[in-house]
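# Examining the three-dimensional arrangement
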Amino acid sequence: MSTSTAHTASRGRYWFSLLTQGATQRQGQCESVKAADGEIDGQAARFIAVVPDANNHYPRAVNGEVGLLEGWTLAQLVSEVVEADQDKPQKRAIVAVIDVPSQAYGRREEAFGIHQALAGAAGAYAKARLAGHPVIGLIVGKAMSGAFLAHGYQANRLIAFNDAGVMIHAMGKESAARITLRSVESLEKLAATIPPMAYDIKNYSTLGLLDQLLDINDPLNASADDLARVNSVLSEAIADARQQGVDLSNRLGAHNRQSSSLVRSRMRAEW
């Protein structure tokens, strides 16, 4: 299933193109956000990805960051699915293909309200989930800081590639080192003993937020078997999400989330 452009494309763009072969591409939105309406195992689904755009109107968002245009566009793409399906007995699935290095940092972004744009995107995903749409996040690359919160974190199920190029965190290593007044080397040593501070995907998986880790030999040169497996896992995740319902209680079962579970149970007992 390799393509001649596989090694020049972003992971998000590459997997979006693989998953949407034969799907109807949505047109008219900004170039940095891709959307298509297709199927997974016979079930209708909308696929959404944020991708690099060298000609982005905002220079801070040229490498796949989620900025003003991206935040509002994500909100639009998700909201129109909710509106279109509001009277249908079975809501279509929404698959967020995730490879986002950061939110867009810039003076214009701050002045024009990037917090509102990203909140709009996160709110739309949450609204879709609560309306009964199975929302599945497929993490194929980076899922960093506010970009991940806006695009994918509200999913019923989060699935990630078990690969060194996959990273989920609140901020990059260099930024975290500055904030904690440490060197990158000392930060890495600390992260080895404190899972929430770690950058590798295996440590992140111990927090209970991921539904599954997938082994893909080469995430930018997938085989037909790799694609078939990803589609199968997505289909299973959609079915599980429909059966479980709209909450996110599945994220609280891991050993490293015991304190979170205890706090929630005691708060419910009080109220």
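All of these numbers come straight from a predicted model, not from anything done at the bench. Starting from 1, residues in each chain are numbered consecutively following that chain's sequence as written. The predicted origin of the model limits local features to residues at a pLDDT of at least 70 and limits the giving and counting of side-chain atom pairs to 80 or more, whereas totals for whole chains, interfaces and linings rest on all residues. Excluded from the side-chain calculations are hydrogens and water; all other atoms, namely the structure's heavy atoms, are used.

### Remarks on the nonpolar core
- Trp15, Ile48, Ile139, Phe161, Val230 and Leu234 are the most contacted members of the largest nonpolar core, which has 74 residues in total.
- Contacts: residue pairs with any heavy atoms within 4.5 Å of one another. Sequence-distant contacts of Phe161, defined by excluding residues within four places in its chain, comprise Trp15, Leu138, Ile139, Val140, Val166, Ile201, Leu213, Leu214, Ile216, Pro219 and Val230. For this analysis, a nonpolar core means a set of buried residues of the types Ala, Val, Leu, Ile, Met, Phe, Trp, Tyr and Cys, connected via side-chain atoms within 4.5 Å. Exposure is judged per residue with a 1.4 Å probe applied to protein chains only, and the accessible area is read against the type maximum: over 50% gives exposed, under 20% gives buried, and values in between give partly exposed.

### Describing the confidence of the model for the protein
- What pLDDT expresses is the predictor's confidence in each residue, scored from 0 to 100. Of the residues in the protein, 97% reach a pLDDT of 70 or more, and the chain-wide mean stands at 91.
- Below a pLDDT of 50 lies the segment residues 1-8, which in the model reaches 16 contacts outside its immediate sequence neighbourhood of four places, other chains included.

### Overview of the pairing of strand β4 (residues 93-100)
- In terms of burial, β4 is largely enclosed, as eight of its eight residues are buried.
- Of the two faces of β4, both are covered, the one formed by Ala93, Val95, Val97 and Asp99 as well as the one formed by Ile94, Ala96, Ile98 and Val100.
- Relative to β4, strand β3 (residues 43-50) runs parallel, the two sharing five bridges. Residue Ile48 lies in a different strand from β4, and its bridge partner there is Ala96.
- Handedness of the β-α-β unit built from β3, helix α2 (residues 68-84) and β4 comes out right-handed.
- In the sheet, β4 pairs with strand β5 (residues 135-144) via six bridges, with the strands oriented parallel. When the bridges of β5 are listed, Ile98 appears paired with Ile139. A helix here means a DSSP run of H or I that spans at least four residues, while a strand means a run of E at least two residues long, and both kinds are numbered starting from the N terminus. Strands are treated as partners if at least two bridges between them are detected by DSSP. The handedness rule is simple: strands pointing away from the viewer, and a clockwise path from the first strand over the helix to the second, make the crossover right-handed.

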